[in-house]
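Fold and geometry: a report
Each chain, letter by letter, is given below.
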Amino acid sequence: MKGTAQPMPAKEKILAGVRELMRRHSVDAYLVPQADPHNSEYAPAAFARVRALSGFTGSAGTAIVTQTEAHLWTDARYWLQAPQEMSPAWELKKASPTNTIHQWAEQLPENSTIGVDPLVLSMQGHQKLQDAVKSNKAKVVPIRENLVDVHWADRPPLPTSEVYHLEDEFTGRPLAEKIAAVKEHLDKKKSSALIVSALDEVAWLLNLRGSDIPNTPVFLAYALVTNEGKVTLFTQLSRVSRRVLDSEEYKAVVTFREYGEFFDAFEQTLAGSRALVDSAVTSWGVAQTLEAIKCEALHDSSCVASAKVKKNAVEQQGFINCHVRDGVALCTYLKWLEDTVASGEKLMEIQAISQLLKFRAQQKHFKGVSFETISGCGPTAAVIHNRPCLGTNDHVIGTDHIYLVDSGGQYKDGTTDVTRTVHFGTPNAREIEAYTLVLKGSIGIATAVWPDGASGSALDSLARRALWKHGLDFLHGTGHGVGHFLGVHEGPIGISSRPTAPLGEGSVVSNEPGFYLDGAFGIRIENLELVVKAATKYRFNDKQFLTMRTLTMAPLEPKLIDVSLLSEDEITWVNTYHRTVLDTISKNTEDAALKKWLAAKCKPLASDESAKKRQRTQ
């Protein structure tokens, strides 16, 4: 009826409720990290508080609420996406080294207070924020009652997926061996226990998997490992498989307790002792509890994380094997896609993504996708993490634009993540040039040689050099670590300008330079790389040098390559890679039509000058 007040939308209602509670708690600002109590990159739906509050669905975002303002910080991957999703009350803050939450907090009035749920702010994050506001005498105060949850009426329950054993044939190291290595580390550090908060570390350490987080085979849990070589696993007991509970292997080492008993167990186990914690992932709430029971928290980069990132021989072979099967699925998809578009059939992105899933699901050991597929046609490919939505963001895949698809699979023997950019018509000169420059960057990473002990930051410029020479760049990292049937993003390694842990032998890292022209097109080429020993003529200071072995098995887009922009070595690399893809996939498929398609896609690039001229005029 005219004049009747409309009900307040859910997000605005939550925002108003948070502000009311802020007044009750006497805080001037309230921090809402996109995190769960384990500092997971991707959190279960029950912890998607930034989304509930603002509408933003990206994986990286932090919100700050005051009585008059609402700000969301996110990185360049989401600068186009975030404004489309956030409610009008919110202002996007483009996160960069010169635009951070800490710099914003420094400008608060003197003696201001910033409230936060201490369970979703890491110890490191708390210290960094507190240091930032020292100059204006502001304080960061813990509020155990999460202010978003109070007004989040339809908050999902905590997940309860089955916790199951991942067999030694896939892990390569039995449980007892991993726990013995942690005990040895505790003895060296003269500590009573190790608190393991990160979900992927808990899963890897105990050779267990779950599905509490979409596309990531982990489960909500904490682990407490003592210097006696025993483990207490805190998770919901009713969902642990009988195979695990009845196993003599687990009975010998592991005690199972309920997830909610974790903090209560501290006083019984750790009072007056010394515990190792990784301050980058362990919550401020854990630190407060340790302090209350006079347990010294020794900040130590996790020995579990460092062991997990260096894949053993079985894990490495698993990565190789699953990439062959994933390559068969992706090549089958790309051929099907090309044939369908050429037939004139109207093909929508969501329909195509569904078909890709079907091809992957046919492969041995497949357990699901490793992340929600990213797909873009023409202008939407310029949105770095564009995800189609039925009815609102679902486009026809045609012949007049670039098509980008970034996808991956979870297999019991490994995890995949691959991006291919293709064109089913005639690409324009700008698209060809950009693709070739991105390809040069990809080859730069794939052929890099560096001394053992160097981090990915030493390699980052190799991916950008060709783009920089043309005054171009991309606003995301070049690569991230990848877990073994775990998170598709795995720290502490990566390739970017930011300092990271050393990129050591046995690591698996993505190689994904790109270029994005807003409103026109986006290009990304992504392969996963296994770090291996390099055969060098010399060994300076007796140091081992390292290089990459490309795992991903899928052809590049020949019609987007301008051979005249490639060096002889780069042409040789492309031809060698394509020969490997053709031989490997052909040996693993009975599909004659697929083999024929692959042979055409993997046809060697010509390298003589006349051939280059012919290609430029085609």
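I will try to describe carefully the structure that is included in this document. It should be emphasised that the depicted structure is a prediction, and the values quoted were computed from it without experimental measurement.

As for the overall build of the protein
When you go through the protein residue by residue, the secondary structure sums to 21 helices and 28 strands. Over its C-alpha trace the protein gives a radius of gyration of 25 Å, about what one expects of a compact globule, namely 25 Å for 618 residues. The C-alpha extent of the protein, read off along each of the three principal axes, is 75 × 70 × 50 Å. The buried share of the protein, taken over its 618 residues, is 58%. Counting contacts in the protein only where the partners sit at least 6 residues apart, residues at least 24 apart contribute 70% of the total. Looking at charge distribution, the protein has the averaged site of its 68 positive side-chain charges lying 2 Å from that of its 72 negative ones.

Looking at the sheet that holds strand E6 (residues 139–142)
Taken in spatial order, the six strands line up as E4-E3-E2-E1-E5-E6 in an open sheet, and their pairing is mixed. Strand pairing shows two members of the sheet lacking a second neighbour, strand E4 (91–94) and E6, which therefore form its edges. Direction aside, the axes of adjacent strands within the sheet are offset by 25° on average. Both strand E2 (residues 62–65) and strand E3 (residues 70–74) contribute to a ladder of four bridges, which runs antiparallel. Note that in E3 the partner of Ala-63 across the bridge is Leu-72. Contacts between helix H1 (residues 10–25) and the sheet are confined to strand E1 (29–33), E2 and E3, with E2 contributing the most and set at about 60° to the helix. Along the sheet, helix H5 (residues 123–132) contacts E1, strand E5 (113–116) and E6; its crossing angle with E6, the most-contacted strand, is approximately 145°.

So, helix H16 (residues 349–361)
Across its 13 residues, H16 extends 18 Å between first and last C-alpha, which sits within 8% of the 18 Å expected from 1.5 Å per residue. Taken together, the buried positions of H16 are occupied by Glu-349, Ala-352, Ile-353, Gln-355, Leu-356, Phe-359 and Arg-360. Seen end-on, H16 carries its buried residues on one side only, within an arc spanning 160°. Considering only its buried residues, H16 is in contact with helix H15 (313–342), strand E15 (366–369), strand E16 (374–377), strand E17 (402–407), strand E18 (409–411) and strand E20 (418–423).

Comments concerning the sheet that holds E17
Ordered by their spatial adjacency, three strands build an open sheet running E16-E17-E20, and the pairing between neighbours is antiparallel. Across the chains shown, the open sheet's two edge strands, defined by having one partner strand only, are E16 and E20. Sheet twist, expressed as the mean angle between neighbouring strand axes with direction ignored, is 10°. As paired strands, E16 and E17 are joined by four bridges and run antiparallel to one another. Its bridge partner lying in E17, Ile-374 is registered against Asp-406.

Things to note about empty space enclosed by the protein
Scanning the entire structure with this criterion turns up five cavities of 30 Å³ or more. Taken as a whole, the largest cavity holds about 70 Å³ of empty space. Looking at the largest cavity, the residues that line it are Leu-334, Glu-338, Val-422, Phe-424, Pro-555, Leu-556, Glu-557, Trp-597 and Lys-601. If you list the elements that add at least two residues to the lining of the largest cavity, you get H15 and helix H20 (592–601).

Re the packing of helix H17 (residues 429–446) against helix H19 (residues 568–587)
Viewed as axis vectors pointing N to C, H17 and H19 meet at an angle of 80°, and their least axial separation amounts to 11 Å. As judged from the angle between their axes, H17 and H19 are roughly perpendicular. Here Leu-439, Lys-440, Ile-443 and Ala-446 of H17 come into contact with H19, specifically with Glu-570, Trp-573 and Val-574. Residue composition of the contact of H17 with H19, by class: five nonpolar, no polar and two charged.

Re the pattern of salt bridges
One pass over the structure, following the stated rule, counts 30 salt bridges. Here Asp-149 and Arg-155 are joined by a salt bridge, their closest N and O atoms 3.3 Å apart. Notably, a salt bridge pairs Lys-183 with Asp-187, separated by 3.1 Å at the nearest N-O pair. In this pair, Lys-183 and Asp-187 are both assigned in helix H8 (residues 175–189), four residues apart and thus about one turn of the helix distant. Since its relative accessible area comes to 41%, Asp-187 is described here as partly exposed. One salt-bridge network, held together by shared partners, links Asp-200, Lys-308, Lys-311 and Glu-490.

Focus on the layout of surface pockets
One water molecule sets the probe size; rolling that probe over the atoms shows where empty space is left. Its boundaries defined by the atoms lining it, the second largest pocket holds a volume of some 1,000 Å³. Arg-51, Thr-57, Gly-58, Glu-372 and Arg-387 are, among the 36 residues lining the second largest pocket, the residues nearest its centre. Elements that contribute at least two residues to the lining of the second largest pocket include exactly helix H2 (49–54) and helix H3 (81–85). Tallied by class, residues from the lining of the second largest pocket come to 17 nonpolar, 14 polar and five charged.

Points about the pairing of strand E14 (residues 296–299)
Bridge analysis of strand E13 (residues 274–277) against E14 gives four bridges, and the strand direction is parallel. Paired with Ala-275 across the strands is Ala-297, a residue of E14. Where the polypeptide runs from E13 across helix H13 (residues 284–292) and back to E14, its parallel neighbour, the crossover connection is right-handed.

A short note on the packing of aromatic side chains
Each aromatic ring pair is summarised here by two numbers: the centre-to-centre distance and the angle between the ring planes. Inspection of the entire model under this criterion finds 14 aromatic pairs. Summarising the aromatic geometry, the rings of Tyr-222 and Tyr-259 are spaced 5.7 Å apart at their centres and angled 20° between planes, so their arrangement reads as stacked. Pair noted here: Tyr-222 is in strand E10 (residues 222–226) and Tyr-259 is in the loop between strand E12 (254–257) and helix H12 (262–270), with a separation of 37 residues, a long-range link. Each of the two residues, Tyr-222 as well as Tyr-259, counts as buried. Each ring, one from Trp-336 and one from Phe-359, has its centre 6.5 Å from the other, and the planes form 70°; the classification is edge-to-face. A residue pair is termed long-range when its members are at least 10 positions apart, and Trp-336 in helix H15 and Phe-359 in helix H16 qualify at 23 residues. With a relative accessible area of 12%, Phe-359 lands in the buried category. Through pairs of rings, three or more aromatic residues link up here, namely Tyr-222, Phe-234, Tyr-259, Phe-262, Phe-263 and Phe-266. Sitting over the face of the ring of Phe-47, Arg-155 holds its NZ or CZ atom 5.5 Å from the ring centroid. Across the ring face of Phe-474, the terminal group of Arg-464 is positioned such that the distance to the ring centre comes to 3.9 Å.

With respect to H12
Every buried residue belonging to H12 is among Phe-262, Ala-265, Phe-266 and Leu-270, and all of these are buried. All buried residues of H12 project into a common sector of 120° when viewed along the axis, lining one side. Summarising the geometry of H12, the exposed residues directed more than 90 degrees from the buried face are Asp-264, Glu-267 and Gln-268. Those residues of H12 that are buried lie in contact with strand E8 (193–196), E10, strand E11 (231–234), E12, E13 and H13. Trailing H12 by a residue or two, Gly-272 shows a phi angle of about 75°, which is positive.

Conventions adopted
- Residues numbered from 1 in each chain as written.
- Predicted model: local features only at pLDDT ≥ 70, side-chain atom pairs only at ≥ 80, totals over all residues.
- Heavy atoms only, no water.
- Helix = DSSP H or I, 4+ residues; strand = E, 2+ residues; numbered from the N terminus.
- Rg over C-alpha atoms; globule rule 2.2 N^0.38 Å.
- Buried < 20%, exposed > 50% of the residue type's maximum accessible area, 1.4 Å probe, protein only.
- Contact = heavy atoms within 4.5 Å.
- Lys, Arg positive; Asp, Glu negative; His and termini not counted.
- Charge placed at Lys NZ, Arg CZ, Asp CG, Glu CD.
- Pairing = 2+ DSSP bridges.
- Axes fitted to C-alpha atoms, helices over the stretch in contact; angles between N-to-C directions.
- Expected span 1.5 Å × (residues − 1).
- Arc of directions from axis to C-beta.
- 1 Å grid on protein atoms, 1.4 Å probe; cavity = no way out; pocket = protein on both sides within 12 Å on 5 of 7 lines; lining within 4 Å.
- Points joined across faces, edges and corners; volume = space filled by probe spheres on them.
- Parallel < 35°, antiparallel > 145°, perpendicular 65-115°, else oblique.
- Nonpolar A, V, L, I, M, F, W, Y, C, P; charged D, E, K, R; others polar.
- Salt bridge = Lys/Arg side-chain N within 4 Å of Asp/Glu carboxyl O.
- Right-handed = clockwise from strand over helix to strand, strands pointing away.
- Phe/Tyr/Trp six-rings, centres within 6.5 Å; stacked < 30°, edge-to-face > 60°.
- Lys NZ or Arg CZ within 6 Å of the ring centre and 35° of its normal.

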